[in-house]
Every structure is written in structure tokens, then in C-alpha cells.
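# Fold and contact review
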Amino acid sequence: MKILVIGNGGREHALAWKLRQSPHADRIFCAPGNAGTSQIAENVPIRASDLPGLVGFAKQNRVDLTVVGPDDPLAAGIIDLFAAEKLRAFGPDKSAARIESSKIFAKELMRARKIPTAEARTFSNSKEALRYCEQVKFPVVIKADGLALGKGVIIARDSATAKATIDEMMNQHRFGDAGRRIVIEEFLHGTECSMHALLDGKHYVLLESARDHKRAWDGDQGPNTGGMGSFSPANNWNSKLQSLFDSEIMEPLLHGLLQECVTFRGLLYPGLIITRDGPRVLEFNCRFGDPETQALLPRMKSDLLPLLEATIDGTIERCAIEWDARTAVTVVLASAGYPGKYETEKSISGLDEAAKLDDVQIFHAGTKRDGDEVKTAGGRVLAVTALGLTLEAARARAYQAVSRIDFENRHYRRDIALNAVAANVTELL
Ligand SMILES: Nc1ncnc2c1ncn2[C@@H]1O[C@H](COP(=O)(O)OP(=O)(O)O)[C@@H](O)[C@H]1O
Ligand SMILES: [Mg+2]
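Small disclaimer: the values here were computed from a predicted structure and weren't measured.

Conventions we followed
- Residues numbered from 1 in each chain as written.
- Chains lettered and ligands numbered in written order.
- Predicted model: local features only at pLDDT ≥ 70, side-chain atom pairs only at ≥ 80, totals over all residues.
- Heavy atoms only, no water.
- Helix = DSSP H or I, 4+ residues; strand = E, 2+ residues; numbered from the N terminus.
- Near = heavy atom within 4 Å.
- Polar contact = N/O pair within 3.5 Å; in protein donor to acceptor, adjacent residues only side chain to side chain.
- Areas by Shrake-Rupley, 256 points an atom, 1.4 Å probe, with all protein chains shown as cover.
- Nonpolar A, V, L, I, M, F, W, Y, C, P; charged D, E, K, R; others polar.
- Domains from an automatic or database assignment.
- 1 Å grid on protein atoms, 1.4 Å probe; cavity = no way out; pocket = protein on both sides within 12 Å on 5 of 7 lines; lining within 4 Å.
- Points joined across faces, edges and corners; volume = space filled by probe spheres on them.
- Pairing = 2+ DSSP bridges.
- Axes fitted to C-alpha atoms, helices over the stretch in contact; angles between N-to-C directions.
- Parallel < 35°, antiparallel > 145°, perpendicular 65-115°, else oblique.
- Contact = heavy atoms within 4.5 Å.

## Focus on unusual backbone geometry
- Following serine 232, the chain continues into proline 233 via a peptide bond in cis, with omega recorded as 0°.
- Its location among the elements puts proline 233 in the loop between β14 (229–232) and α10 (239–259).
- Cis geometry marks the peptide bond from aspartate 290 to proline 291, where omega comes out at 25°.
- The phi dihedral of cysteine 261 is positive, around 60°, even though this residue is not glycine.

See the structure below:
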């Protein structure tokens, strides 16, 4: 089979790496890919936002399966374009992708189906939103409706911050159209967990649990990022939560989608917060998480390719996924300045030395090849994953690998999966 993976992050390197191991995979293309994907696949210089370019490439090269990594092309309707050309592609169509691309759509669906989530109000008028702030109990969480690269969510501890945020989003258009409408919701206390499901329209199979670390600095300080590290399995997940998750979240969601005549085929991952009263949905994502994927796929023993195909074909019910019982820890190495303006073009050393360690996998994100060298080319540069019999062993191995890799002013968190050892750490506040 010829496979095309769309995207250029650590998630896409992990997907291409896992698909490479399938006996059914012949050629794998990555558009546009990075220095890591170029070692296991053929990079194609087409950006993930160039939808006609991607369709044209898939047609011309008779690609059998396209796997879409990031959310933006899904929200823009790439699956619909591929379907119109009778090309097979993994991911939800435009109407199903709204579950991520519109937080208001997701919120309304949850409200209608009584899916446990934060109490929320939506606003399309800044004056009304500002007035609402006079009476609300702080902290509150303010969210831009649309996609904002993980930066459209602000936790406001007081009325001044809330008002400034509303003004920035709605009047000054900091997130463009994404902030035209906003959600103001109750702040929930608890720990977060990412549950990934392969959903074929009617049925789903769950992947193992994972947790990510969103804040830029140690101790969960600093601004939100795309994710600074992850680990799997999550330490705050158990079978009781899983049965609540199935009955209170996934089943009503499937009914809700059915009623809206939306068929979701792809990877659905609800971002959850585990409160004292059970799991609550923070948001729905319609694609693999980054960096959760870099921790999950090294633990997946089953071939990923037939699972993706079964999701498209509506036969996921017949599939079971086999997992490595070990723990995976993923540490992200980022460029100085990330998630703000960051430096690039720094030479990276030690990649081969780090890769020699047992049970270590290095996934590239913002990297590019420059002659014999690999250089930085993005905010998040590498995701270093290690497997271990215990969480502590996986952590130690991951940081051992990290210590062998260097580039100027690299930045990473020293406490990935560390708070997992201490139970019930409240991540925010
Ligand atoms: N209601 C809430 N209570 C507490 N924290 C929240 C709440 N909503 C969001 N957050 C925090 O903000 C982060 C980002 O919010 P999320 O809804 O996942 O949006 P996005 O991933 O699109 O930025 C979450 O991972 C969580 O840490
Ligand atoms: Mg999120």
C-alpha cells in the first residue's frame, strides 16, 4: 500500500514510524514532514494547508490511504475533498470535525445529551460577556470558539483579567474569527487525562490512557503550549472511570451525533478533567493528540494500519488492540522562546547517541535537514520517548536520552511524569 501522512510534527513522525512497521505498507509519503520522517518515508514539499495540492498528489501517485495529522485541514474539509475524488483518507469530515473546531457546537451537543462538562455560557456580543463578568464567581475559563493553536483558552482569576481577555478576543480580534464568539465556563478542579478512541461512525475502541503537560515551565507554571511532554498509561485512570466514561460520555455522544446526522469516522479524543464527581469533558479533539501519540504508539503492539482501515470501513467493533504493559514517558525539547517567538536554525547534536539507548525512540517535530546536519525549524523540536517497567524507569531513561541531545538554548521541562508519582496533585491554581 502507498500511504500519505499529512503534517510535520512529532505526532506525524510517530504515525509514519508506526505505519512503517506494518507489513502492508510499501511506500510512505509525508507532506511536508521533517528531518525525522525523511529517514523512514519520502518527504513531499506540500504544506498541510494546501488542500488542492494534497488531493492532486494523492491522485497522481495513486495513494491508497491518507492519514491526516493536524486539526486545521480536517476543519477545512480535507476529508470531503478526498472523498469527492474517491480517495481513501483517515479522519472526520468537515461537519464531524466541528466537534473540535467549534467549542460552542461541542458545548451545545454536550448540553443536549447531558454529557458531564463545565457549566458554560456562550456569547457573541462583548457587552453581554462583560456584563456577565460582574456577577460570575471566579476563577472562570474563557475560550475562543474556534481553533487557536492551543492558545485560545484563558483562566481568569479576577474580573480585570476576564474583561481584558474578552476585549482582546472579541473586540481586538486577537484570534481572528476564532474569537468572534466565546464560551465562559466554570473552572473545574482535578487532574487531566486524554482518552483516545477510534470511532467508525457507530462503534469505537479505546486506546490506552495518557496524560500531557501543557504548561511551558516546571511545576505547571507559565503559558499553555501545544504540550511539553506526556506519559501513558495515565496514573489517574481506572476501570471505574472507564465505565463512567463509556456510559456518561461516549454513548450519549454517539446518540447526539446520530441525531445531528453527523457521522464521525476517525480519532476522537475527549480531553477530560477527573473531578471528585467523576470525569468531565473539557473539549473534544478530532485527531491524535500531540504529544500523547508519541507516548501511545510505542506501546501499541498491534498493527496500526488495519485499525485505521477498520475505522474508515465501519468494522472497528471486530478489532482489539494489544498493548505493551510498560510505561512510556515522552519529553519534548523546544526552542528558546517557545510558545512565544522562538529561535530556529540551531544545529542539533547527539541524536544518534541518544537513539542508541535501549527502549528509546526519538520523534522529530520542528527539524530540517541541512546537508549532513539536522537543524531546528520550529517551536517544539523533538519528542523523546522511553519505555520502562515502571514510571520511574521510563522517566530516567527518557531524561538520559535527553541529556545526550543538544542544541543552543534548548528548553525542556524537568518534571514530566514527576507529579504522577505524588497522588492527587492539583495541576492548576
Ligand atoms: N473548565 C475548565 N476548568 C479548568 N481548566 C480548564 C477548563 N477548561 C480548560 N481548562 C484548561 O485549559 C486547557 C485548554 O483547554 P481546552 O478546552 O482543552 O482547549 P484547547 O486544547 O483547544 O486549547 C485544558 O487542558 C485545561 O488545562
Ligand atoms: Mg485541549
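## Some thoughts on the site of ligand 1
- Ligand 1 sits among 15 residues. The nearest are Lys143, Glu185, Leu188, Glu192 and Glu283.
- One of the side-chain N or O atoms of lysine 103 is found 2.9 Å from an oxygen atom in ligand 1.
- Within the contact set of ligand 1, an oxygen atom lies 2.4 Å away from a side-chain nitrogen or oxygen of glutamate 192.
- Relative to its unbound accessible area of 550 Å², ligand 1 is 92% covered by the protein chains.
- Contributing elements (two or more residues each) for the shell around ligand 1: β7 (140–144), β9 (182–186) and β16 (278–285).
- Here the residues of the shell around ligand 1 are counted per class, giving 7 nonpolar, 1 polar and 7 charged.
- Both domain 2 (119–186) and domain 3 (191–318) contribute no fewer than three residues apiece to the shell around ligand 1.

## What about empty space enclosed by the protein?
- Applying the stated criterion across every chain yields a total of 2 cavities of 30 Å³ or more.
- Considered as a void within the structure, the largest cavity measures approximately 80 Å³ in volume.
- The wall of the largest cavity is formed by Ile99, Glu100, Lys103, Ala106, Lys107, Met110, Lys143, Val183, Glu185, Leu282, Glu283 and Phe284.
- Elements supplying a minimum of two residues to the lining of the largest cavity: α6 (94–101), α7 (103–112), β9 and β16.
- Looking at which element gives the most residues to the lining of the largest cavity, the answer is α7, with 4 residues.
- Per-class residue counts for the lining of the largest cavity are 6 nonpolar, no polar and 6 charged.
- Its boundaries defined by the atoms lining it, the second largest cavity holds a volume of some 30 Å³.

## Digging into the sheet that holds strand β21 (residues 373–376)
- An order of β18-β21-β20 is seen for the 3 strands of this open sheet, with the pairing classed as antiparallel. Looking along the sheet, the strands with just one partner apiece sit at the ends: β18 (347–348) and β20 (367–370).
- Looking at chain direction, β20 and β21 are connected through 4 bridges and run antiparallel. What sits directly across from threonine 367, in β21, is threonine 376.

## A word on the domain arrangement of the protein chain
- Split by domain assignment, the protein chain resolves into domain 1 (2–93), domain 2 (119–186), domain 3 (191–318) and domain 4 (327–404).
- Summarising the inter-unit geometry, the C-alpha centres of domain 2 and domain 4 are found 35 Å apart.

## Considering the packing of α6 against α7
- Packing of α6 against α7 brings their axes to within 6 Å, and their N-to-C directions diverge by 90°. For the element pair α6 / α7, the angle class is roughly perpendicular. Contacts between α6 and α7 pair Arg98, Ile99, Glu100 and Ser101 from the former with Lys103, Phe105, Ala106 and Leu109 from the latter.
- Residue composition of the contact of α6 with α7, grouped by class: 4 nonpolar, 1 polar and 3 charged.

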